Amino acid sequence: MFRRSGALHDGHFRLSSGLHSPGYLQCALVLQHPREAEALGAALGAQTVLSPAMGGIVIGQEVGRALGVRAIFAERQDGALTLRRGFALDPGEKVIVVEDVVTTGGSTRETMDVARAAGAIVVGACAIVDRSGGKQGLDVPFHALLPMDVQTYQPDDCPLCKQGVPVVKPGSRTPK
């Protein structure tokens, strides 16, 4: 699906985590096709879905649709993820966090913190793509449909920067 939709890019990218990479997965190019988004959502599975804006919104909606449960999202306000637009979680509500791509697990952990602050119980997390090499460091069960080994670099150690390759920032969040 990623290759067919043109979502797998080669180049020099600054990721939302602040890391640099020669590979980028633009999940929005896959998720723009409702049948593919629905298939990915059904494959991930969940109970109550909470996703971080922007990347997780579409796949979270599709996971919610596949399971017949509601799908809500957290979005940034003053730099921090929070529930807005009247979204709320009840104490004890079982939540699964759904992402498009996980690199360091930072957005996933922050979304889990939003759920826990509301008193919800985070029972797991999932993503379409795990590019962390299994090192996302989450304290709940985690499942990804596509584990990928796409190298990342700290900006100061990036060989692409040292070669003078211009860096592209295609994601929705300003890097750290």
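Here the structure is a predicted model, which is why all the values come from computation and not from measurement.

About the criteria used
Residues numbered from 1 in each chain as written. Predicted model: local features only at pLDDT ≥ 70, side-chain atom pairs only at ≥ 80, totals over all residues. Heavy atoms only, no water. Helix = DSSP H or I, 4+ residues; strand = E, 2+ residues; numbered from the N terminus. Buried < 20%, exposed > 50% of the residue type's maximum accessible area, 1.4 Å probe, protein only. Contact = heavy atoms within 4.5 Å.

(A) The environment of Thr104, seen in detail. Relative to the assigned elements, Thr104 resides in the loop between β6 (94–102) and α5 (106–117). When its relative accessible area of 31% is taken as the criterion, Thr104 is described as partly exposed. Sequence-wise, Thr104 and Thr152 are 48 residues apart; in three dimensions their C-alpha atoms are separated by 9.9 Å. Ignoring sequence-local partners within four residues, the contact set of Thr104 consists of Ser17, Leu19, Arg109 and Gln136.

(B) Here's a closer look at unusual backbone geometry. Ala53 connects to Met54 through a cis peptide bond whose omega is 10°. Mapped onto the elements of the fold, Met54 is located in the loop between β3 (48–52) and α4 (56–67). Even without being a glycine, Arg85 presents a positive backbone phi close to 60°. Mapped onto the fold, Arg85 is located in the loop between β5 (80–83) and β6. Of the residues examined, Arg85 reaches a relative accessible area of 61% and is grouped as exposed.

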